[in-house]
Amino acid sequence: MAVLKVKFTKTKRDKLAQILWILNWVSVVSGIILFSLGLFLKIEIKKRNEVMAKGDINSVPNMLISVGVIACIINFLGGKICYDCSDVNKFSRWKLVMLPYIICTFCFTFCILVGSLMCYTMRNELEESLYLGLRDAIKFYKDTDIPGRCFLKKTVDLLQIGFRCCGNNGFRDWFEIQWVSPRYLNMASKEVLDRLKSNVDGKFLVDGVPFSCCNPSSPRPCIQYQLTNNSAHYNYDFLTEELNIWMKGCREALLDYYTGIMRSIGIAALLIWLFELSVLIGVRYLQTAMKNVLLLGDLEGESDGWLLENSFVETAKYNINIIKNLGKANQISTVSSMNDPNINVQNTDCGKTNVTTKSIPEAR
């Protein structure tokens, strides 16, 4: 029994073909939108590539870019097919192509769905990449004289100013590393030497942060050094007073930023998937209706269109059997050959033309 069978007159078939022709051109535009969204996300990731560890974070934008290009090609071809389907004679040229086209389009729409879901599942990979990348960027913040790292100070400072954040997880991350270059340390100072000797690794650690962590909205002048020393500042209490530096870590700030972008892209891709699916359903109805017109031979009469010729269960079983039997037609079964009693049996009557047979005695 056919699934969701609908009866079409010639007028309905022509209108369906015209509507699908327009919708396919709209789908070409949606493909361009997918391509643009993927390209935008790829550029945004590349902008902060210095504070991200290498990983599979580019898989989502690459997926969207590829799907967008394929969408433009497939829907352009679909528009040409639907335009020709308004004429039965032109449809005859496409009738063998339409079913493979529908199958390929179904796989393509499934890729759009996968791309939209990947936008929501990418958060964990992005968080790990940001954590490792920011950790290394902060670690090499002081290396302004080393080729390949001299740009990291500027990158981190602009990042903390632009996203109003400080450190990786928070401002305390700066307490655990030496972020002041040795060239700016006075090695003749007893205070500097004492700090270097007090650390096992010989690092100059201070309870301070770079200037880019300062919050310009704070009425108090920025306190960068001795953040945990109440006696070093007048009318200051580290435990009770809100610090005039950014409290949010840059990993969290960047993660929120990219999550917002990917959530919007995921919603857009999901809406495009629903639209592409509706167009695909319309093309399937048009294909089956036009096919039945040719079978009936009445080009002006009514015809049935459906999504599936048989039920879902029967269609699934049929396709599974096709997959199981792939390649079996060209295979030779050695087991059946070994058990076949008619193989390798000599025929003793070969070449004999006169064969005598015993006569059956007559009953008396």
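Every value quoted in this text rests on a predicted model; they were computed, and no experiment measured them. (Residues numbered from 1 in each chain as written. Predicted model: local features only at pLDDT ≥ 70, side-chain atom pairs only at ≥ 80, totals over all residues. Heavy atoms only, no water.)

**Observations regarding the state of the cysteines**
Each disulfide consists of a covalent bond between the sulfur atoms of two cysteine residues.
Then comes step 1: Taken as a whole and assessed by the stated rule, the structure comprises three disulfides.
Then comes step 2: Linked covalently through their sulfurs, C166 and C213 form a disulfide whose S-S length is 2.1 Å. Every disulfide takes its handedness from the sign of the S-S torsion; for C166 and C213 that torsion is 85°, giving right-handed. On the criterion of sequence distance, the pair formed by C166 in the loop between α5 (152–162) and α6 (190–198) and C213 in the loop between α6 and α7 (250–296) is long-range, its members being 47 residues apart. (Disulfide = S-S within 2.5 Å. Helix = DSSP H or I, 4+ residues; strand = E, 2+ residues; numbered from the N terminus.)

**Some details on the packing of helix α4 (residues 123–139) against α7**
Then comes step 1: Between α4 and α7, the shortest axis-to-axis distance is 10 Å and the interhelical angle comes to 145°. The chirality of how α4 crosses α7 is right-handed. Mapping the contact onto sequence places R123, L126, E127, L130, Y131 and L134 in α4 and C250, R251, L254, L255, D256, Y258, T259 and M262 in α7. (Axes fitted to C-alpha atoms, helices over the stretch in contact; angles between N-to-C directions. Left-handed = near helix turned anticlockwise from the far one by under 90°. Contact = heavy atoms within 4.5 Å.)

**Some details on a nonpolar patch on the surface**
Then comes step 1: On the surface, W21, I22, W25, V26, F76 and Y83 cluster together into a nonpolar patch covering about 620 Å² of accessible area.
Then comes step 2: Put simply, the parts of the chain that give the nonpolar patch at least two residues each are α1 (10–47) and α2 (59–84).
Then comes step 3: Broken down by element, the nonpolar patch gets its largest block of residues, four residues, from α1.
Then comes step 4: Checked against the element boundaries, Y83 lands in helix α2.
Then comes step 5: Residue classification places Y83 among the partly exposed residues on the basis of a relative accessible area of 47%. (Patch = residues over 30% accessible without salt bridge, like charges linked within 9 Å, V, L, I, M, F, W, Y side chains within 5 Å. Areas by Shrake-Rupley, 256 points an atom, 1.4 Å probe, with all protein chains shown as cover. Salt bridge = Lys/Arg side-chain N within 4 Å of Asp/Glu carboxyl O. Buried < 20%, exposed > 50% of the residue type's maximum accessible area, 1.4 Å probe, protein only.)

**Here's the deal with the packing of aromatic side chains**
Then comes step 1: Throughout the structure, instances matching the rule amount to 10 aromatic pairs.
Then comes step 2: For the pair Y141 and W174, a centre-to-centre distance of 5.1 Å together with 75° between the ring planes defines the contact as edge-to-face. Of this pair, Y141 sits in the loop between α4 and α5 while W174 sits in the loop between α5 and α6, placing them 33 residues apart in sequence. Residue Y141 shares its accessibility class with W174, and that shared class is buried.
Then comes step 3: Ring centres of W179 and Y225 lie 6.0 Å apart, and the angle between their planes is 20°; this geometry places the pair in the stacked category. You can see W179 sitting in the loop between α5 and α6 and its partner Y225 sitting in the loop between α6 and α7, a full 46 residues away along the chain. (Phe/Tyr/Trp six-rings, centres within 6.5 Å; stacked < 30°, edge-to-face > 60°.)

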